[in-house]
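Coordinate inspection notes
These are the residues of each chain, in order.
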There are 2 protein chains.
Amino acid sequence: MALIVQKYGGTSVGDIEKIRTVARRVINSFKQGNQMVVVLSAMAGQTDRLIRLAHELCDQPDPRELDVLMSTGEQVSIALFAMAVKSMGYDASSLLGFQVPIHTDGLYGKARIHEVNTNRIKRELEKGRIVAVAGFQGLDENGDITTLGRGGSDTTAVALAAALNADVCEIFTDVDGVYTTDPNICPKARKLDTISYEEMLEMASLGAKVLEIRSVEFASKFQVPIHVRSTFSEEKGTMVTAETRDMEKVVVSGVTYNKNEARITMKHVPDKPGTASKIFKPVFEAGVIVDMIVQNPSEDGYTDLTFTVPKPDFHRTLKRLRDVAHDIGAERVMGDEDIAKVSIVGLGMRSHAGVAQKMFNALAKENINIMMISTSEIKISCVIEEKYTELAVRTLHTAFGLDSDAQEAD
Amino acid sequence: MALIVQKYGGTSVGDIEKIRTVARRVINSFKQGNQMVVVLSAMAGQTDRLIRLAHELCDQPDPRELDVLMSTGEQVSIALFAMAVKSMGYDASSLLGFQVPIHTDGLYGKARIHEVNTNRIKRELEKGRIVAVAGFQGLDENGDITTLGRGGSDTTAVALAAALNADVCEIFTDVDGVYTTDPNICPKARKLDTISYEEMLEMASLGAKVLEIRSVEFASKFQVPIHVRSTFSEEKGTMVTAETRDMEKVVVSGVTYNKNEARITMKHVPDKPGTASKIFKPVFEAGVIVDMIVQNPSEDGYTDLTFTVPKPDFHRTLKRLRDVAHDIGAERVMGDEDIAKVSIVGLGMRSHAGVAQKMFNALAKENINIMMISTSEIKISCVIEEKYTELAVRTLHTAFGLDSDAQEAD
């Protein structure tokens, strides 16, 4: 007998018929002798409906009250799901964030889970019940409702799995697993059987949208095995687990891309201590998250500094830096929005030489110019012209032997 | 400075613009130096939407989960209301049943309030906040959500007013007070300035739909003054309070009617001890609420027994009683659905003779036959043919001097 935590997203519970399908699926696992804890998101469309109501009322809805409002979406889902299970002759109990309780900090709209109390859930399980827990919501120390932010239900599921010491946390979604790259732009993309937490984190933060990044961090910290799979099929999906020796044999696990960043270059910057600090202080203070930073070797006491920022922050960052450039005596500030970042990710890079070289060669063969390079232990990212994104992804996918039914090319 | 509890019904918060109107109205009272606790119902239509979802899923939704589902309606209202207040520059805080907390028994769908803890509300009020409390919901001793049944938000408001020792409980609705009778069938109906709890209870249970009956019982028990008034005007409405000496001067305060009952007669019943018990046992066991019961004087050891039941229970009651009639040797069972009950209500009846006589005369003058009569200390009810309902109400309204701009007739 295993203890399984399952999470179903908004499209999986999008209407009454789908809720029935999920109930049947959960009951099937239950009948096989498993204890079942099910985390649900709000029915597709409900979250948007509630946000619309709030914004009809005012431009900047109060964060505390917005959480009170938003948390009703998941409440509706778990009540309907528990009704469905009971109407099929099995016992179930829905639990809200305050009933578990799931304790969080008080950051409305993006709260972090501090502690999950498992007593109530265990009592319900011992009574032979299927337990439905509202995703996305918790309770702060004042007894007020908080929500965990976008993708929060994934985090709820992983946190419950960790606290309950569950055998597996199954994340059901509308795709059937984690792919080597985006199948929409690369028809030869292949579903991965397994991927490590570290790789998944790089994949998630680089643009893959299967799992919310905080849930992967949580899973990694508490070693919760995650099974990402499709609500609409019985096929196995992708296991996200701790690193195994086998995994290192694969050099590159996936290719990702990100078109949501822009590049800023400050030319001819006086190269002396404290300059970088002066340049980035106003950027950080504006809450802008800087991704890649590249500084050229100094020449005649001057250097060029290039970095990327999210596209929505591009114009205001550019404006602020033009003032800074004048103050510190830099020549000028240039920007480019038509860029993309393509990356390769894989644990195997740590022990394989020549991976970067192979990436650069592959891009060069297609006459794709590399504007910036950034590397970590298990990933290499290149900034290129945006128009080459799809070509670059397909090229790298083939070059690193990721194509379905392909062997690694030399 | 007064402490005021206000309750707004579903039509009063039916859309975003109406929620803004309610917020402005509450802020106005607040600006006059009052502490404000506001109880809201679900936005009009939302409760029906949720019920529809549940019934799309199954015929008999699980009661516990139905309460989890239904309680989201009020949660949405208080969140939006608190947002509206804050966006207008005043401080507010929404509180759900579990946050107050409002403790109830565990009867899902029709829970009764056991205790209201006022600590949290008082803390919020002391911070200068307008407090919005979700109507209709509470928490049972297991920490599960319960709902109070139809009209439950009235009960929430009165219970809060009682626990907080509020100066007044204002019930805002889509009518502007309690009327002497239904203005839809009697154009001369007049708004009452005051009415006693006892009269209001008789009016409510006899068919007036302004206040939920349990809320009046609660108010009477804890001597909470209720002010029933319109959301859409500034006019004073009707005060529902403890009896005052002045009230007794008025013989009849109102005329009510009820078309939702049916009459059942068992003919030629052997008149011996235990017979009534044998007849009503299966009726009560079926959960049918019997209203009026009339037994004719016995003749030759046989009697006729007549009583009224709610129309939806008519056919099954009739069926059960036909079996009983056979068992106890009664002649037959007859039923009549085309009846109505008209009643006059007034504290003054206790000290005025001849009120019943005047009622019977007034009906007789219009050739309206009286089928059954039932009296209490402060009301007299007559069952008549349904088609005469409107005529009877208007006739009695005039006869007892209730018409607007009229003096009591002799």
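Residues numbered from 1 in each chain as written. Chains lettered and ligands numbered in written order. Predicted model: local features only at pLDDT ≥ 70, side-chain atom pairs only at ≥ 80, totals over all residues.

**Some thoughts on the overall build of chain A**
Cut-off, in case you're wondering: The helix count covers DSSP runs of H or I at least four residues long, the strand count covers runs of E at least two residues long, and both are numbered beginning at the N terminus. The size measure is the radius of gyration over C-alpha atoms, and the globule rule it meets is 2.2 Å times the number of residues to the 0.38 power. Using C-beta atoms placed from the backbone, we call a residue buried if 20 or more other C-beta atoms fall within 10 Å of its own, exposed if 12 or fewer do, and partly exposed for counts in between. Note that contacts rest on C-beta atoms placed from the backbone: two residues are in contact if these are within 7 Å.
On a plain count of helices and strands, chain A comes out with 12 helices and 20 strands. Its C-alpha atoms give chain A a radius of gyration of 24 Å, within 12% of the compact-globule value 22 Å for 410 residues. Along the longest, intermediate and shortest principal axes, the C-alpha atoms of chain A span 80 × 55 × 30 Å. For chain A, with 410 residues in total, the buried portion stands at 48%. Put simply, 74% of the contacts in chain A that link residues at least 6 apart link residues at least 24 apart.

**What about the relation of the copies chain B and chain A?**
Quick reminder of the rule: Least-squares superposition aligns the copies on the C-alpha atoms of those residues with pLDDT at or above 70 in both.
Once turned by 179° and shifted 0.1 Å along the axis, chain B lies on chain A with an RMSD of 0.3 Å. Both chain copies can therefore be described as sitting about a two-fold axis. Closest to the rotation axis within chain B is the C-alpha of Thr72 of chain B, separated from it by 2.9 Å. Interface overlap between copies: 100% of the residues of chain B at the interface are likewise at the interface in chain A, consistent with a symmetric, same-surface contact.

**Describing the pairing of strand β11 (residues 226-230) of chain A**
All names here are of chain A. To keep it simple, the criterion reads: What makes two strands pair is DSSP finding at least two bridges between them.
In this sheet, β11 lies alongside strand β9 (residues 168-173) in parallel orientation, the contact comprising five bridges. Residue pairing across strands places Thr173 opposite Ser230, the latter belonging to β11. Alignment of β11 against strand β12 (residues 238-241), held across three bridges, turns out to be antiparallel. Looking at the pairing, His227 lines up with Met239 of β12.

**With respect to the interface of chain B and chain A**
Taken together, the contact between chain B and chain A spans 26 residues of the former and 26 residues of the latter. Residue assignment for the side of chain B that touches chain A shows that the elements contributing at least two residues are α1 (16-31), α2 (46-57), α3 (63-70) and α4 (72-87) of chain B. Per-element accounting of the side of chain B that touches chain A gives the leading share, 10 residues, to α4 of chain B.

**Considerations on the sheet that holds strand β2 (residues 35-40) of chain B**
All names here are of chain B. Worth spelling out the cut-off: Lines fitted to the C-alpha atoms define the axes, with helices restricted to the stretch that makes contact. Angles between their N-to-C directions range from 0 to 180 degrees.
In space, the eight strands of this open sheet follow the order β3-β6-β2-β1-β9-β11-β12-β10, with mixed pairing throughout. On the outer flanks of this sheet lie β3 (92-95) and β10 (194-196), each paired with one strand and no other. Recorded for the sheet is a direction-independent mean angle of 20° between the axes of neighbouring strands. Together, β1 (3-8), β2, β6 (130-134), β9 (168-173) and β11 (226-230) form the strand contacts of helix α6 (residues 152-164), whose direction differs from that of β1 by roughly 175°.

**Concerning the domain arrangement of chain A**
Let me state the cut-off plainly: Residue ranges assigned to each domain were obtained from an automatic or database domain assignment.
Looking at chain A, the domain boundaries give domain 1 (3-174) and domain 2 (245-410). Using only C-alpha atoms to locate each centre, domain 1 of chain A and domain 2 of chain A end up separated by 38 Å.

**Remarks on the nonpolar core**
Soluble globular proteins: nonpolar side chains tend toward being buried together. Let me state the cut-off plainly: Here a nonpolar core is just a set of buried residues of the types Ala, Val, Leu, Ile, Met, Phe, Trp, Tyr and Cys, joined wherever their C-beta atoms sit within 7 Å.
If you look at the biggest cluster of nonpolar residues, it comprises 236 residues, and the most contacted ones within it are Phe81 and Ala132 of chain A together with Phe81 and Ala132 of chain B. Excluding anything up to four places from it in sequence, Phe81 of chain B contacts Val13, Ile19, Val22, Ala23, Val38, Leu40 and Ala132 of chain B.

**Focus: the sheet that holds strand β15 (residues 293-295) of chain A**
Residues and elements named next belong to chain A. Pairing is antiparallel in the open sheet, where four strands are placed in the order β15-β16-β14-β17. Sheet topology places β15 and β17 (332-336) at the edges, where each strand pairs with a single neighbour. Here the strands of the sheet are splayed against their neighbours by 15° on average, with no regard to which way each runs. Strand direction decides the pairing type here: strand β14 (residues 261-270) and strand β16 (residues 302-310), joined by eight bridges, are antiparallel.

**Observations regarding α2 of chain B**
Residues and elements named next belong to chain B. Filter applied, for reference: Helix span is expected to be 1.5 Å times the residue number reduced by one. Arc definition: directions from the helix axis to the C-beta atoms.
The first and last C-alpha atoms of α2 sit 17 Å apart over 12 residues, in line with the 16 Å expected at 1.5 Å per residue. Buried within α2 we find Leu50, Ala54 and Leu57. The arc that holds every buried residue of α2, seen down its axis, measures 55°, which confines them to one face. Facing away from the buried side of α2 by more than 90 degrees, the exposed set consists of Asp48, Arg49 and Arg52.

**Structural notes on helix α4 (residues 72-87) of chain A**
Residues and elements named next belong to chain A. Taking 1.5 Å per residue, 16 residues should reach 22 Å; α4 reaches 23 Å between its end C-alpha atoms and fits that length. Burial analysis of α4 places 15 of its 16 residues in the buried class, the great majority of the element. Where α4 terminates, the next one or two residues include Gly89, which has phi positive at roughly 95°.

**A look at the packing of helix α2 (residues 46-57) of chain A against α4 of chain A**
All names here are of chain A. Put simply, the rule reads: Two helices that cross are described as forming a left-handed crossing if the nearer one is turned anticlockwise from the farther one by less than a right angle, and a right-handed crossing if clockwise. Residues were grouped as follows: Ala, Val, Leu, Ile, Met, Phe, Trp, Tyr, Cys and Pro as nonpolar; Asp, Glu, Lys and Arg as charged; and all remaining residues, including Gly, as polar.
Here α2 crosses α4 at 145°, and the two axes come no closer than 9 Å. With respect to the hand of their crossing, α2 and α4 are arranged in right-handed fashion. Contacts between α2 and α4 pair Gln46, Thr47 and Leu50 from the former with Thr72, Gly73 and Val76 from the latter. The residue makeup of the contact of α2 with α4, split by class, is two nonpolar, four polar and no charged.

**Let's talk about unusual backbone geometry**
Cis geometry is found at the peptide bond from Val100 of chain A to Pro101 of chain A, where omega equals -20°. Mapped onto the elements, Pro101 of chain A comes out in the loop between β3 (92-95) and β4 (102-104). Its identity is not glycine, yet Asn165 of chain A carries a phi of approximately 55°, on the positive side. Looking at where Asn165 of chain A falls in the secondary structure, it is placed in the loop between α6 (152-164) and β9. Look at Asp300 of chain B: it is not a glycine, yet its phi comes out positive at around 55°. Looking at the element boundaries, Asp300 of chain B is found in the loop between β15 (293-295) and β16 (302-310). Its 7 C-beta neighbours within 10 Å are what place Asp300 of chain B among the exposed residues.

**Observations concerning the environment of Ser230 of chain B**
All names here are of chain B. Note that Ser230 resides in strand β11. Considering only alpha carbons, one finds Ser230 and Ser12, 218 residues apart in sequence, at a separation of 9.1 Å. When neighbours within four sequence positions are excluded, Ser230 is seen to be in contact with Phe172, Thr173, Asp174, Val175, Asp176, Glu235 and Gly237.

**With respect to the pairing of strand β1 (residues 3-8) of chain A**
All names here are of chain A. To be explicit about the condition: We call a crossover right-handed when, viewed with the strands running away from us, the connection from the first strand over the helix to the second turns clockwise.
With respect to burial, β1 is a largely interior element, five of its six residues being buried. Across six bridges, the pairing between β1 and strand β2 (residues 35-40) is parallel. Considered in β2, the bridge of Ile4 is made with Met36. A crossover connection joins β1 to the parallel β2 through helix α1 (residues 16-31); in handedness this β-α-β unit is right-handed. Relative to β9, β1 runs parallel, the two being bridged by five bridges. Its bridge partner lying in β9, Gln6 is registered against Glu170.

**Re the packing of α4 of chain A against α4 of chain B**
Test applied: When an angle is under 35 degrees it counts as roughly parallel; over 145 it counts as roughly antiparallel; between 65 and 115 it counts as roughly perpendicular; any other value is oblique.
Here α4 of chain A crosses α4 of chain B at 180°, and the two axes come no closer than 10 Å. Relative to α4 of chain B, the element α4 of chain A lies roughly antiparallel. Contacts between α4 of chain A and α4 of chain B involve Thr72, Gln75 and Val76 of chain A from the first element and Thr72, Gln75 and Val76 of chain B from the second. A class-by-class count of the residues in the contact of α4 of chain A with α4 of chain B yields two nonpolar, four polar and no charged.

**Focus: the environment of Val39 of chain B**
Residues and elements named next belong to chain B. You can see Val39 is positioned in strand β2. Owing to 31 C-beta atoms within 10 Å, Val39 belongs among the buried residues under this scheme. Along the primary structure Val39 and Ile171 are separated by 132 residues, whereas in three dimensions their C-alpha atoms are 9.3 Å apart. Setting aside residues up to four positions removed in sequence, Val39 forms contacts with Val5, Lys7, Val133, Gly135, Ser153, Thr156, Ala157 and Leu160.

**Focus on the environment of Asn165 of chain B**
Taking the number of C-beta atoms within 10 Å as the measure of exposure, Asn165 of chain B has 10 and is therefore exposed. Sequence spacing of Asn165 of chain B and Phe222 of chain B is 57 residues, and the spatial spacing of their C-alpha atoms is 9.1 Å.

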